[in-house]
Amino acid sequence: MLHQTELIQFAIAIIGIILVLLVLRRAARKSRDKANLTARERLGVETEAPQRQRRRPRPGQKVEPEPREDEAPDEEPEAEEPEAEVDADTRDAYKAGLAKTRGGFVAKLGRLFGKKKIDAQTLDEIEEVLMTADIGPRAATRIFDSVKGGLSRDELESPDKIWSKIRRTSKEILAFDAKPLDTTTHQPFVLLVLGVNGVGKTTTIGKLAQKWTTEGKRVLLAAGDTFRAAATEQLEEWGKRAKVDVVKGKPNGDPSSVIFDAVKRGVEEKFDIVICDTAGRLHSNAGLMDELKKVRRVCDKAMPGAPHETWMVLDATTGQNAIAQAKTFKADMEITGIVLTKLDGSSKGGVVLGICDEMKVPVRFVGVGEKIGDLRPFDPHAFVDALYADAASEAA
């Protein structure tokens, strides 16, 4: 009896081992199939798709040929964006202000595009013109790549196609997302204006005051540049022209106290806009930045949340140096807008492209002349149209 029981237990053990081996064999087969499938996927081998059953055409029905698998579908041509309308007065003002710039790098490009054939040497010359055009290396590279990589060989022989690509890329650089300026969001709307001496900062403030006063707004000026000789007197003169009050302090006095008093008065007397002038140069760059940071803190004490915009004034005649100035200030200060002056007196107006491309800060106003009305709100479409005006016809 004991011997029979042992035989039964041995048989059960054998059956168990066989079952385990069967399970392991099935698992190994699944793992191998999965590994093979993964390898096929890595090699890009796809199973053949089931062929689509074609319906038999009806009598009289036109049969379109089936596309071949090795033929890629025709790419749709790049759609041209609709041009924004620009009023004649703005267009003419920009065109006159950018006359010298068009005579610079734009004219050089036009002479290159006028060649019968654009070859590798011509492309190198185009790149050189852009890189030396004071538009900044980033913007120059972006425009050059759009021409070289975005046009076919046949299109490179057409000046119209080349200029169209340059205009489109330039507008893309300038027209990045930026909220429209709205001075009605606060009362008063406090604007802090920065810039080194000589860029036209005080003149810009005077022209802004004139513009907004003409629009019916009550404007107050703060003579915060107490360090530069005659800065307060210059701002007072602009105040008389625009018929606006100017808050001033003592020569070499604390500029923060002047701006605090101006913002406080703006709040109490319900002015619409307070424009604050600031120092453009102290004994060291660190000293200037510390003073400007103090001014911002004082603005916030006089009116929580102020200043509501901080603009930097740059001189177009300085070319790429204007970009360097903007970078220096932005490293320590929150810059929300740019005003570019003296555009009409320089062949370096293309610096606007470099400023927008590198700083990602909107240009709010540009100076295209000496008159009050020549400080104009920046219009990217009008700027690009004026910058490249008549370029295609001249190249042809």
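Residues numbered from 1 in each chain as written. Predicted model: local features only at pLDDT ≥ 70, side-chain atom pairs only at ≥ 80, totals over all residues. Heavy atoms only, no water.

Comments concerning the overall build of the protein
Selection rule: Strands here are runs of E lasting at least two residues and helices are runs of H or I lasting at least four, both read from the DSSP assignment and numbered beginning at the N terminus. Exposure categories follow from relative accessible area, calculated using a 1.4 Å probe and restricted to protein chains: below 20% of the type maximum is buried, above 50% is exposed, and the middle band is partly exposed. We call two residues in contact whenever any of their non-hydrogen atoms come within 4.5 Å of each other. Throughout, the Shrake-Rupley method with a 1.4 Å probe supplies accessible areas, and for residues the shown protein chains are the sole cover considered.
Counting its secondary structure elements, the protein contains 14 helices and 8 strands. Looking at the protein as a whole, 42% of its 396 residues are labelled buried. If you take every contact in the protein between residues at least 6 apart in sequence, the share linking residues at least 24 apart comes to 77%. Surface summary for the protein: the accessible area is close to 23,300 Å², and the carbon and sulfur share equals 51%.

Here's the deal with the layout of surface pockets
Which entries qualify depends on this criterion: Of the grid points, spaced at 1 Å and generated over the protein atoms alone, those admitting a 1.4 Å probe that cannot get out make up cavities, while open sets with protein on both sides within 12 Å along at least five of seven lines make up pockets; any residue with an atom within 4 Å of a point is treated as lining. Grid points are joined across faces, edges and corners, and a volume is the space filled by probe spheres set on the points.
The computed volume of the largest pocket comes to approximately 330 Å³. Those elements that place two or more of their residues in the lining of the largest pocket are α7 (201–214) and β7 (363–367). With 3 residues, the top contributor of residues to the lining of the largest pocket is β7.

Here we look at the pattern of salt bridges
Stated precisely, the cut-off is as follows: What makes a salt bridge here is a side-chain nitrogen of Lys or Arg within 4 Å of a carboxyl oxygen of Asp or Glu, nothing more.
Taken as a whole and assessed by the stated rule, the structure comprises 16 salt bridges. D357 is the partner of R142 in a salt bridge, and the nearest nitrogen-oxygen pair spans 3.2 Å. Of the two residues, R142 sits in helix α5 (residues 137–150) while D357 sits in helix α12 (residues 351–359), which places them 215 residues apart along the sequence. On the basis of relative accessible area, R142 is assigned to the partly exposed category, the value being 34%. A relative accessible area of 4% places D357 in the buried class. For K327, the salt bridge identified is with E358, shortest N-O distance 2.7 Å.

Quick notes on a negative patch on the surface
Quick reminder of the rule: Patch membership requires over 30% relative accessible area and the absence of a salt bridge. Like charges are linked within 9 Å, and nonpolar side chains (Val, Leu, Ile, Met, Phe, Trp, Tyr) within 5 Å. When charges are tallied, Lys and Arg are placed among the positive residues and Asp and Glu among the negative ones, while His and the ends of the chain are skipped. The atoms used to mark charge sites are NZ of Lys, CZ of Arg, CG of Asp and CD of Glu.
Together, D119, D124, E127, E128 and D145 make up a region of like negative charge exposed at the surface. Broken down by element, the negative patch gets its largest block of residues, 3 residues, from helix α4 (residues 120–131). Structurally, the position occupied by D119 is in the loop between α3 (99–113) and α4. Among the residues examined, D119 registers a relative accessible area of 34% and is labelled partly exposed.

Details of the sheet that holds strand β4 (residues 273–276)
Operational definition: What makes two strands pair is DSSP finding at least two bridges between them. Comment: axis = line fitted to C-alpha atoms, over the contacting stretch for helices; angle = value between 0 and 180 degrees taken between N-to-C directions.
Spatial ordering of the open sheet is given by β3-β2-β4-β1-β5-β6-β7-β8, a layout of 8 strands whose pairing is mixed. The sheet is open, and its two edges are formed by β3 (245–247) and β8 (375–377), each paired on a single side. Adjacent strand axes in the sheet meet at a mean angle of 25°, parallel and antiparallel pairs treated alike. Examined bridge by bridge, strand β2 (residues 219–222) and β3 share 3 bridges and lie parallel to one another. The residue bridging A222 from the neighbouring strand is V247, located in β3. Where helix α2 (residues 88–97) meets the sheet, its contacts fall on β7 and β8, and the angle it forms with β8 comes to roughly 125°.

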